[in-house]
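Chain by chain, the residues run as shown.
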Amino acid sequence: VQLQASGGGLVQNGGSLRLSCAYSGSISRINALGWYRQAPGQERELVATITSGTNTNYGDSVKGRFTIFRDSAKSTLYLQMNSLKPEDTAVYYCNAITGPAWRKTDYWGLGTLVTVSS
């Protein structure tokens, strides 16, 4: 599975931004897609995930502000980010998981930088 994220940039406090992640390869094997982020000096953390059944899960810090969704026809994952805060500044990574839970494989794309100015 190959992943290519885009859409990052500089936005003001309270603004909005939409990230995209085009995925390709063994698409039929994907069980879940997600977004993670990593701020300078911090560990990578969950932002949001969506399963093949469209169940979604969000990190506590983004609930109510971010929405994950996908367009299967375009093989593209999205992250709509509203009410952005300076603490949302990070490199955002697209993730795909294939295989059963006891033998899953993680795929990562190159990140896209989001900077929220105060």
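Here, the structure is the one placed above.
As the structure is a computational prediction, the values presented were derived from the model and not from experiment.

Conventions used here
- Residues numbered from 1 in each chain as written.
- Predicted model: local features only at pLDDT ≥ 70, side-chain atom pairs only at ≥ 80, totals over all residues.
- Heavy atoms only, no water.
- Pairing = 2+ DSSP bridges.
- Helix = DSSP H or I, 4+ residues; strand = E, 2+ residues; numbered from the N terminus.
- Axes fitted to C-alpha atoms, helices over the stretch in contact; angles between N-to-C directions.
- Core = buried A, V, L, I, M, F, W, Y, C linked by side-chain atoms within 4.5 Å.
- Buried < 20%, exposed > 50% of the residue type's maximum accessible area, 1.4 Å probe, protein only.
- Contact = heavy atoms within 4.5 Å.
- Polar contact = N/O pair within 3.5 Å; in protein donor to acceptor, adjacent residues only side chain to side chain.
- Salt bridge = Lys/Arg side-chain N within 4 Å of Asp/Glu carboxyl O.
- Disulfide = S-S within 2.5 Å.

A.B. asks: What should I look at first to understand the sheet that holds strand E3 (residues 17–24) in this one?
C.D. replies: Within a sheet, each strand pairs with its neighbour through backbone hydrogen bonds, oriented either parallel or antiparallel. The strand order E1-E3-E8-E7 describes an open sheet built from four strands, whose pairing is antiparallel. Strand pairing shows two members of the sheet lacking a second neighbour, strand E1 (2–6) and strand E7 (66–71), which therefore form its edges. In this sheet, adjacent strand axes meet at a mean angle of 15 degrees when their direction is disregarded. With six bridges joining them, E3 and strand E8 (residues 76–81) adopt antiparallel strand pairing. For Cys21, the partnering residue across the bridge sits in E8 and is Leu77.

A.B. asks: Honestly, the nonpolar core in this entry has me stumped. Any pointers?
C.D. replies: Across soluble globular proteins, you tend to see nonpolar side chains buried next to one another. Counting 29 residues, the largest nonpolar core has Trp35, Leu77, Leu79, Met81 and Tyr92 as the members making the most contacts within it. For this core, the secondary-structure elements that each account for two or more residues are E1, E3, strand E4 (30–38), strand E5 (45–51), E7, E8, strand E9 (90–98) and strand E11 (112–117). When near neighbours in sequence (up to four residues on either side) are disregarded, Tyr92 contacts Leu19, Trp35, Tyr36, Arg37, Val47, Phe66, Leu79, Met81, Gly111, Thr112 and Val114.

A.B. asks: How do you make sense of the environment of Tyr23 when you look at a structure like this?
C.D. replies: Tracing the backbone shows Tyr23 in strand E3. Its relative accessible area of 6% is what places Tyr23 among the buried residues. For the pair Tyr23 and Asn55, spaced 32 residues apart in the sequence, the C-alpha separation amounts to 19 Å. Among all residues touching Tyr23, those that are not within four sequence positions of it are Gln2, Leu3, Ile30, Leu33, Arg70, Asp71, Ser72, Ser75, Thr76 and Leu77.

A.B. asks: For this particular structure, what's the right way to read the side chain of Gln80?
C.D. replies: For Gln80, the location among the structural elements is in strand E8. A polar contact is formed between the side chain of Gln80 and the side chain of Asn82, at a distance of 2.9 Å. Gln80 has contacts with Ser16, Leu17, Arg18, Arg65, Phe66, Thr67 and Phe69, leaving out every residue within four places of it along the chain.

A.B. asks: Would you mind showing me how to read the pattern of salt bridges here?
C.D. replies: Proximity of charged atoms lets side chains of opposite charge pair with each other. Tallied over the entire structure, the rule returns four salt bridges. The shortest N-O distance in the salt bridge between Glu45 and Arg37 comes to 2.6 Å. Accessibility expressed as a relative area gives 33% for Glu45, which makes it partly exposed. Its relative accessible area of 4% is what places Arg37 among the buried residues. Across the pair Asp88 and Arg65 runs a salt bridge, and its minimum N-O distance is 2.7 Å.

A.B. asks: In this structure, what is going on with the state of the cysteines? I would like to understand it.
C.D. replies: Here, the word disulfide means a covalent bond between the sulfur atoms of two cysteines. Within the structure shown, the criterion is met by one disulfide. In this model Cys21 forms its disulfide with Cys94; the gap between the sulfur atoms is 2.1 Å. Its S-S torsion of approximately -90 degrees makes the covalent link between Cys21 and Cys94 left-handed. Placement of the pair is Cys21 in strand E3 and Cys94 in strand E9, with a sequence separation of 73 residues. Here Cys21 and Cys94 have matching classes, each one buried.

Any link to function would need more than the numbers given here.
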